[in-house]
Amino acid sequence: MNSRASRPARRHVVVVFIDLVGSTELAERLDPELLRHVLDRYYQACTSGIVEHGGVVEKYIGDAIMATFGIPISKGDDAIRAVRAAHDALARVRDLSDALGHTHGIRLDAHCGISAGEAVVIDLPGADLRVIGDTVNTASRLQSAASGGEILVGEDVARMVRSQARVEPVPPLRLKGKSSPVRAWRLLSPEPDARPREDPTPLIGRAAELERLHEAHRRVVRERRCHVVTLLGAPGIGKSRLVREFLGGLPEETTVLTGRCPSYGVGVTYRPITEMIGSLNGRWPSAAAPMEAASVSALRGLTAGAGPGRSGDGAGVEEISRAVRALFESLARRGPVVAVWEDLQWAETTLLDLIEDLAAWLPDVPVLLVCAARPELADIRPAWCGDRECAVHLELGPLDRPGMERLVAALYTGRAASAEVVAHRVDDLCPRVVDGSDGNPLFAELMLEMLLEEGEDAPLPPTIQALLGARLDRLGDGERDVLERAATIGHVFTADRLRVVFHDGEERRPGLDEPLARLGRHRLIQHGPAPGSYQFTQTLTRDTVYAMTRKELRAAWHLALADHLSGQAEQDDLAHHLEAACRFTREVRPDDPGLPALTERAARALIGEGTHALHRKDLPAAIALLERGRELLPPGDAGHRPLAVRICDAGLARGDRDRAFAALDAAERLLPGDRRNATTCAVQREILAARFGTRPPEPGPLRELLAADPGDDLSWCRLHQLEALVDLDEGRFGAAETALRDGLARAASLGDGYEENRLLSGLCELAQWSPTPIGESLALCADLAARFGGDRALLVPVLITRGRLLALSGDITAARAVLATADRHVRDLHLDLAAAAVVQVQGLVESLAGRHATAEELFRRGAAALRAAGQVGPALTLEAYEARELLRQGRLPEAGRALARLTAEPGGRHARTELLLIALRAGVEARRGEHRAAAALAALALERLGLIDDPCLRGDVLAEIADVHRAAGRTAESADAAGRALRAYAAKGAALPAERVRVRLAAGPGGEEVER
Ligand SMILES: Nc1ncnc2c1ncn2[C@@H]1O[C@H](COP(=O)(O)OP(=O)(O)OP(=O)(O)O)[C@@H](O)[C@H]1O
Ligand SMILES: [Mg+2]
């Protein structure tokens, strides 16, 4: 243990204020000397109450007393200590008042306020301790609001004590100096509800541990000997719960004794034993009968006298130990005894000795001692029952994830049934709780409760903070310091990074191996996933250490890390460190001269990382990072314009229309009067209209507007993208390609890598459909694959295009292999829309390979996925492909029905889909022998063909028309259409479909393909 008092610290503290009601009148009525005497006794009454519960009286302000709990080290249960202390103090003031009423005819009445929260504690040697923070004011205001004899506690305190004390809410208080009403609770009793609390869920997991306990019990009965099972585990991990389950499964005739070690108190050494004796009730006389008189009197001395827990008057430690042994022996002669010692980490050494004595010296009787303790027991008593053959140590670790999921679901169901819960989505809440609670059932209970009561943004429950904080306070200064710096680095850290934060000029670098090894022994850290790395064993510990580190230090360390990372190739977390440095500097030193530069640096880093996420198609992360960057980027900064475009892109890709438009509004607000920004935003609005299909976009007027500003590269770049969109919708792939190339030139002159990559991807995707020859497009694919390297999300569209092009050129095997790779990537990365694109091209490839049933199935799957994602237009295209596969399999009626349905479906069809539908309907009619209808549709298709420049689609449609003519015996027209089809394919270099047309020509009239 140590007192971490050498430098100002951020701590979780509990502050108590007690004051006299009506002290002014008292002063008026009493002689000053008498008043002083009365006040001394009042201070004495309060102080004794506080000190007995482990509090420290900080100062006297008039007649008010301010006390703190949790300083210099927290004990994990400071809140309940404070509540009991206040209760005792007020009770003593009441007793004093009664006494003074008799003797002096005066009454004293005190009121009290208790608040918990973060504060900065300054404890310099020789100087007054100073506690600074809102918690202090709140406690004082709560005290003023309390009426005579009343104790009001704040929200955190109520939360921490409500399982151990009874509190009731009072209407929110309007407190002086507080902007919003403060929630408060009145203390009713420092004792819990008498009703034993039922376990909210069945026992989850722990089957092996439970079996070990039962096995020990069976051995005890079989061998008639004393065995000891020690359960070690972190607070809340489930030691007591496991013991309850074990006790519940014991045979009726077992005598069960339970005793708890209180965490503090005077004369509580033997409290667990007095509890055990107390629980014997009517069985005490028969148990005592065979015992020696001295033992009986020693035990009586424990239970009687000065109240429970006082050591027996006169009886020495040895005598008591002997007496307890005699009692156990006497009980065990009648049947097996199970004695549970709870919370042994708080036991006095004397009691630990007594239990070890019991284990060693009990004669041959069936007694099982179950000792539950937190891991500190191993610090206090490293060799606890160590060398005994009949001793078992069980360490309870965290529950596994499936166990936690069941636990949280069960807890949630329990709460939902009690109707206290409003609408919260279990699917949202449960994973959050499971992720956040580190396998600790108590933490899961507390977190779920907090989330249900406080909603999404609930902070870490104070009870968890207090428990973890107490654990951290037991560390030595060196270890704590390392842990604080490590927590600033993150959940995973390396010694190298730690050295970076030790080079901040504040302190010299100490040796790190020793403290790291000690932290490992305390199970606070463990080796991390990568060689040489470490990680916190519990996320919550990391979060608590971080929260308890002074912001000024955090700011300096984050900045040191950022500066270090700036010079590195790998800049992971750079934006995070800069942002944190900026936030904390802003919070604690808003006048820091370096702040503006730091803010801008952080903004740019966030935007850079957000853009990168946007590339990767990690859209939620992209939006979050970019918007955080926007928060930090100063108004008027030209960076707001491209930033808005990117947020707009991310919103668009997510289908989040409001966010996309809001991004443009924000840019206009942050860059008022900026003409170029206004133009870019206008272009973007047209892009959004086109992509969301809200209205036909109008690029014309914008082009005219931009003609006056040829140097506005960004607006031009985006205008070209808008034009490409319009071309695409109308089936002009060549024109779209030209527009994208123009855009690319603008992006290059802007030096904007984001725009360049985006346009190159677009060009690559277009390459399947555009007139650009396959050879050239495959070269583009190769360039892009090299450029996008390891970024699989960017690589997927390239692979898709490459797969299709390879198939068109005749290499089905290579195409399938490339698409299989793309398929793996989209599955790994959960890219749902890209997955539909992979399936689509797989369908096209299988169709080219002549596997029409497989292709049909693929198109159906892809269409369903697109419909589920609300992408009706692309889904219709895939459904048209599906109908084509039916036709190719000769399933005429089904194809006819599918085409009729698709033709009747209103709106949303692209020009290319429309054309394909017409050609396929012509094919159906021709096969039905309806040659006139077929000819009319073929003519319509030919007419529309002029508008479309996708060579393969043109080839497909012309081949279909050739079939229609051939079926009707119009050989010349058929040959003409087939010839045109072949030329279209040849221009693209699409050897495989051309080959198919040739085969069909050779097969003569009426030849159908068959499924291979
Ligand atoms: N395996 C489990 N299945 C279901 N609930 C559990 C399980 N383990 C613990 N809990 C619940 O979690 C909470 C904390 O458990 P418990 O009181 O047993 O912890 P503990 O290890 O005894 O902690 P402490 O060190 O503070 O005494 C309790 O509400 C308990 O019912
Ligand atoms: Mg317990």
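Residues numbered from 1 in each chain as written. Chains lettered and ligands numbered in written order. Predicted model: local features only at pLDDT ≥ 70, side-chain atom pairs only at ≥ 80, totals over all residues. Heavy atoms only, no water.

## So, the overall build of the protein
Note the following rule: Secondary structure elements are taken from DSSP: a helix is a run of H or I of four residues or more, a strand is a run of E of two residues or more, and numbering for both begins at the N terminus. Using C-alpha atoms as the atom set, the radius of gyration is obtained and then compared with a globule rule of 2.2 Å times the number of residues to the power 0.38. Type-normalised accessible area, obtained with a 1.4 Å probe on protein chains alone, sets the label of each residue: buried when under 20%, exposed when over 50%, and partly exposed for intermediate values. Contacts were defined at the residue level, with two residues in contact if any of their heavy atoms lie within 4.5 Å. Exposure was quantified through the Shrake-Rupley algorithm and a 1.4 Å probe, taking into account, for residues, occlusion by the shown protein chains and nothing else. The charge count includes Lys and Arg as positive and Asp and Glu as negative, but it does not include His or the ends of the chains. One atom stands in for each charge, and that atom is NZ of Lys, CZ of Arg, CG of Asp or CD of Glu.
For the protein, the count of helices and strands is 44 helices and 16 strands. For 1012 residues, the compact-globule estimate of 2.2 N^0.38 gives 31 Å, and the protein exceeds it by more than 25% at 39 Å. Oriented by its inertia axes, the alpha-carbon framework of the protein measures out at about 125 × 75 × 55 Å. Here the protein holds 1012 residues, and 53% of them are scored as buried. For the protein, the share of sequence-separated contacts (at least 6 apart) that also reach a separation of at least 24 residues comes to 69%. As presented, the protein carries roughly 43900 Å² of accessible surface, and 52% of it is formed by carbon and sulfur atoms. Across the protein, the mean location of the 127 positive side-chain charges is 3 Å away from that of the 144 negative side-chain charges.

## Some details on the sheet that holds strand S15 (residues 525-527)
To keep it simple, the criterion reads: When DSSP finds at least two bridges between two strands, those strands are taken to pair. Axis lines are fitted through C-alpha atoms, for helices just across the contact stretch, and the angle between N-to-C directions can take any value from 0 to 180 degrees.
As summarised here, the arrangement of the 3 strands in space is S14-S16-S15, forming an open sheet in which the pairing is antiparallel. Edge positions in the sheet fall to strand S14 (492-494) and S15, since each of these pairs with one other strand and no more. Along the sheet, successive strands turn relative to each other by an average axial angle of 35°, direction set aside. Strand direction decides the pairing type here: S15 and strand S16 (residues 533-536), joined by 3 bridges, are antiparallel. The residue bridging Gln-526 from the neighbouring strand is Gln-535, located in S16.

## Considerations on the site of ligand 1
Filter applied, for reference: Throughout, near means a residue has at least one heavy atom within 4 Å of the molecule or strand. Polar contact is defined as a pair of N or O atoms within 3.5 Å, subject to the rule that within protein one atom must be able to donate a hydrogen and the other to accept it, and that residues adjacent in sequence are counted only when both atoms are side-chain atoms. The residue classification treats Ala, Val, Leu, Ile, Met, Phe, Trp, Tyr, Cys and Pro as nonpolar and Asp, Glu, Lys and Arg as charged. All others, Gly included, are polar.
In the vicinity of ligand 1 there are 22 residues, among which Gly-236, Lys-239, Ser-240, Arg-374 and Glu-445 approach most closely. Here Gly-238 contributes a backbone N or O atom positioned 2.9 Å from an oxygen atom of ligand 1. At 3.4 Å, a side-chain N or O of Asp-343 approaches an oxygen atom of ligand 1. With 4 residues, helix H7 (residues 239-248) is the single largest residue contributor to the shell around ligand 1. Grouping the amino acids of the shell around ligand 1 by side-chain chemistry returns 9 nonpolar, 4 polar and 9 charged.

## A closer look at the packing of aromatic side chains
This is how it is decided: In summary, the pairing rule links any two rings of Phe, Tyr or Trp, Trp by its six-membered ring, whose centres are within 6.5 Å, and it sorts them by plane angle into stacked for under 30 degrees, edge-to-face for over 60 and tilted for everything else.
Taken as a whole and judged by the stated rule, the model has 7 aromatic pairs. Note on Phe-328 and Trp-341: the rings are 6.4 Å apart at their centroids and 10° apart in plane angle, and the pair reads as stacked. Within this pair, whereas Phe-328 is found in helix H11 (residues 317-334), its partner Trp-341 is found in strand S11 (residues 337-342), the two being separated by 13 residues in sequence. For the pair formed by Phe-328 and Trp-341, the shared burial category is buried.

## Considering the pattern of salt bridges
Rule in force here: In what follows, salt bridge is the name for a side-chain nitrogen of Lys or Arg lying within 4 Å of a carboxyl oxygen of Asp or Glu.
Overall, the coordinates contain 79 salt bridges when judged by the stated rule. Across the pair Arg-107 and Asp-98 runs a salt bridge, and its minimum N-O distance is 3.3 Å. Accessibility expressed as a relative area gives 55% for Arg-107, which makes it exposed. What makes Asp-98 partly exposed here is its relative accessible area of 41%. The salt bridge partner of Glu-155 is Arg-183, with a shortest N-O separation of 2.7 Å. With Glu-155 in helix H5 (residues 155-161) and Arg-183 in strand S8 (residues 182-189), this pair connects stretches of sequence that are 28 residues apart. Looking at Glu-155, the relative accessible area reads 23%, which means it is partly exposed. Salt bridges sharing partners connect three or more residues here, namely Glu-155, Arg-159, Arg-162, Arg-183, Glu-449 and Glu-453.

## Quick look at the confidence of the model for the protein
If pLDDT is low for a region, its predicted coordinates should not be looked at in detail. Counted only if it meets this: pLDDT is a per-residue confidence score from the predictor, ranging from 0 to 100.
Across the protein, the average pLDDT comes to 88, with 94% of residues at or above 70. When the criterion is pLDDT under 50, residues 1-5 qualifies, and its contacts beyond four places in sequence or with other chains add up to 15 contacts. Residue range residues 305-312 is modelled with pLDDT below 50. Its contacts to residues more than four positions away, or to other chains, number 20 contacts.

## Description of the sheet that holds strand S9 (residues 226-232)
Taken in spatial order, the 5 strands line up as S10-S11-S12-S9-S13 in an open sheet, and their pairing is parallel. The open sheet has two free edges, formed respectively by strand S10 (255-260) and strand S13 (391-395), since each of these has just one partner strand. The mean inter-strand angle of the sheet, taken between neighbouring strand axes irrespective of direction, is 15°. Bridge analysis of S10 against S11 gives 6 bridges, and the strand direction is parallel. Of the residues in S11, the one forming a bridge with Val-256 is Val-338. Here helix H6 (residues 207-223) sits on the sheet and contacts S9, S11, strand S12 (367-373) and S13; the angle it forms with S12, its principal contact strand, is near 150°. Helix H12 (residues 349-361) rests against S9, S11 and S12 of the sheet, and its axis sits at about 150° to S12.

## Section: the side chain of Asp-713
Residue placement: Asp-713 occurs in helix H30 (residues 713-729). For Asp-713, a relative accessible area of 18% corresponds to the buried category.

## Some thoughts on helix H31 (residues 733-750)
For clarity, the threshold we go by: Take the residue count of a helix, subtract one, and multiply by 1.5 Å to get its expected span.
Along its 18 residues, H31 runs 25 Å from first to last C-alpha, staying within 8% of the 26 Å computed at 1.5 Å per residue. Those residues of H31 that fall on the buried side of the exposure criterion are Phe-733, Gly-734, Ala-736, Glu-737, Ala-739, Leu-740, Gly-743, Leu-744, Arg-746 and Ala-747. Looking at the buried residues of H31, the elements they touch are H30, helix H32 (753-766) and helix H40 (911-928). Taken from the residues just after H31, Gly-751 is the one with a positive phi, measuring 70°.

## Side note on the environment of Glu-342
With respect to the helices and strands, Glu-342 occurs in strand S11. When the C-alpha positions of Glu-342 and Arg-374 are compared, they lie 9.8 Å apart, and in sequence the two are 32 residues distant. Beyond its immediate stretch of four places on either side in the chain, Glu-342 contacts Ser-240, Gly-259, Arg-260, Cys-261 and Ala-372. In terms of polar contacts, Glu-342 uses its side chain to reach the side chain of Ser-240, at 3.0 Å.

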